[in-house]
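# Observations on the model geometry
Here is what each chain is made of, one letter per residue.
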Amino acid sequence: MIPYGRQDISDDDIAAVEAVLRSDFLTQGPAVPRFEAAIMAETGAGYALAVNSATSALHIACMALDLGPGDWLWTVPNTFVASSNCGIYCGAEVDFVDIDPATYVMCPKALEAKLVQAEAAGKLPKVLIPVHFAGQSADMAAIGALARRYGVRVIEDASHAIGARYQGAPVGNCAHSDICVFSFHPVKIVTTAEGGVATTNDAGLAQRMDLHRSHGVTRDPALLQGESAGGWYYEQVALGYNYRMTEMQAALGVSQMTRLTQFVARRNALAARYDDLLAGLPLTRPAQHPDSYSAYHLYPVQVEDRARVFAYLRENGIGVNVHYIPVHTQPFYRARGFDWGDFPASEGYYNRAISIPLYAGLTEADQDRVVAVLAEALNG
Ligand SMILES: *Cc1c(COP(=O)(O)O)cnc(C)c1O
């Protein structure tokens, strides 16, 4: 079976993890700050906070922005459930903005229309989470301008998009957002097995996320409310969690980050090859906005008779997947009042979507086989 995605682990990656296991620190040592420095160097952001998943990063980002009961968080339906669950964790209400039917990311026109309505109803959101679906940045200049006009804070869910560029600048620089979140799950561009990072240029947000990832406990003299009683002294000044990344994960991340440019270039080359090989087939290829250099986490195609095509590919050794079942149609969200029909662009996209295999280690021979089986499914 050719999977839809998989990690690329080198001997150097293995040696980096092994060196940590032989060292003094398995957690809270030098590797996490080194990984954070690599993310800052890549993105140009002023701060990077590593945690044990992107889900945790989204949660501490929402907490740092003071999201709570009575507030609203908006994201897109075409995402993994974590992008909206972080709002529920904070006791906030969640709503959705539909996608652009060509690029599958948040539609700025749909956002503007919804903001106008929400303002009239006195229900503007506190936090907005655009998602850089498949590795392509949402239109952050338009979204950031609307967010500023309506006083909404922005967290980019860039789980698919480390190494991507928007208007020539790296995703994660937070030029149009408050915070940007990356995932390092094994199917993503770079992996730490499990892991996430939140970047920001705001010192206050960085400090709050740092507290929330580690129990709300601090030794920082600037944050202590009482007198330090001695070298052992710490204070809990907020309610935090244990969301820390381990040293093994961070060392793997540092080693992987040295190949980020290569991984993204390879994914782009394979995507361009799919664009050519699939050109004559009855399907829609993923459109790229001219402002975007995608990290190509996914290569989603749109086909008629999706269930039959999907089954045929799986039966013939092609490990396809579907991204994403619209979040608002999940039973958990339907129980909160959403239903099919609420977000037609996301639903229309989903009904025809198949993600075909794409990862740095995919060979051209594998790719040719994917295309041949897909052609059989579509023409046969
Ligand atoms: C993978 C993913 C997440 C969650 O990432 P984890 O690191 O697995 O917690 C969140 N949002 C999107 C869009 C994702 O693809």
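Preceding this section is the structure that the text describes.
Remember, it's a predicted structure, so these values are computed and weren't measured experimentally.

## Some words on the site of the ligand
Among the 15 residues in the neighbourhood of the ligand, the closest are listed as Thr55, Asp157, His160, Ser183 and Lys188. One nitrogen or oxygen atom from the main chain of alanine 54 is found 2.9 Å from an oxygen atom belonging to the ligand. Serine 159 has a polar side-chain atom sitting 3.3 Å from a nitrogen atom of the ligand. With the chains in place, 92% of the 380 Å² that the ligand exposes on its own is no longer accessible.

## Quick look at the side chain of threonine 103
Inspection of the secondary structure assignment puts threonine 103 in the loop between strand E3 (93-96) and helix H5 (108-120). Overall, the relative accessible area of 12% leaves threonine 103 in the buried class. Other than its neighbours up to four places away in sequence, threonine 103 contacts Gln136, Ala287 and His289.

## What about the sheet that holds strand E12 (residues 292-293)?
Across the sheet, 3 strands lie side by side as E7-E6-E12; this open sheet has antiparallel pairing. Here the strands that pair on one side only, and so sit at the sheet edges, are strand E7 (169-170) and E12. The pairing of strand E6 (residues 165-166) with E7 spans 2 bridges and is classified as antiparallel. The partner of tyrosine 166 across the bridge, within E7, is alanine 169.

Rules used in this analysis
Numbering of residues begins from 1 in every chain and follows the order in which that chain's sequence is written. In keeping with the predicted nature of the model, local features appear solely for residues at pLDDT of at least 70, side-chain atom pairs appear and are counted solely at 80 or more, and the whole-chain, interface and lining totals rest on all residues. The side-chain values count all of the structure's non-hydrogen atoms but skip hydrogen atoms and water molecules. If a single non-hydrogen atom of a residue is within 4 Å of a molecule or strand, that residue counts as near it. Side-chain atoms alone can form a polar contact between residues adjacent in sequence; in general such a contact is a pair of N or O atoms within 3.5 Å, and within protein one must be able to donate a hydrogen while the other accepts it. Values of accessible area rely on a 1.4 Å probe in the Shrake-Rupley scheme; residue burial ignores everything except the protein chains shown. Strands are runs of DSSP state E lasting at least 2 residues, helices are runs of H or I lasting at least 4, and numbering of each runs from the N terminus. Throughout this description, buried means an accessible area under 20% of the type-specific maximum (1.4 Å probe, protein chains only), exposed means over 50%, and partly exposed covers the range between. Contact between two residues is taken to exist if any of their heavy atoms lie within 4.5 Å; hydrogens are not considered. At least two bridges found by DSSP between two strands is the condition for calling them paired.

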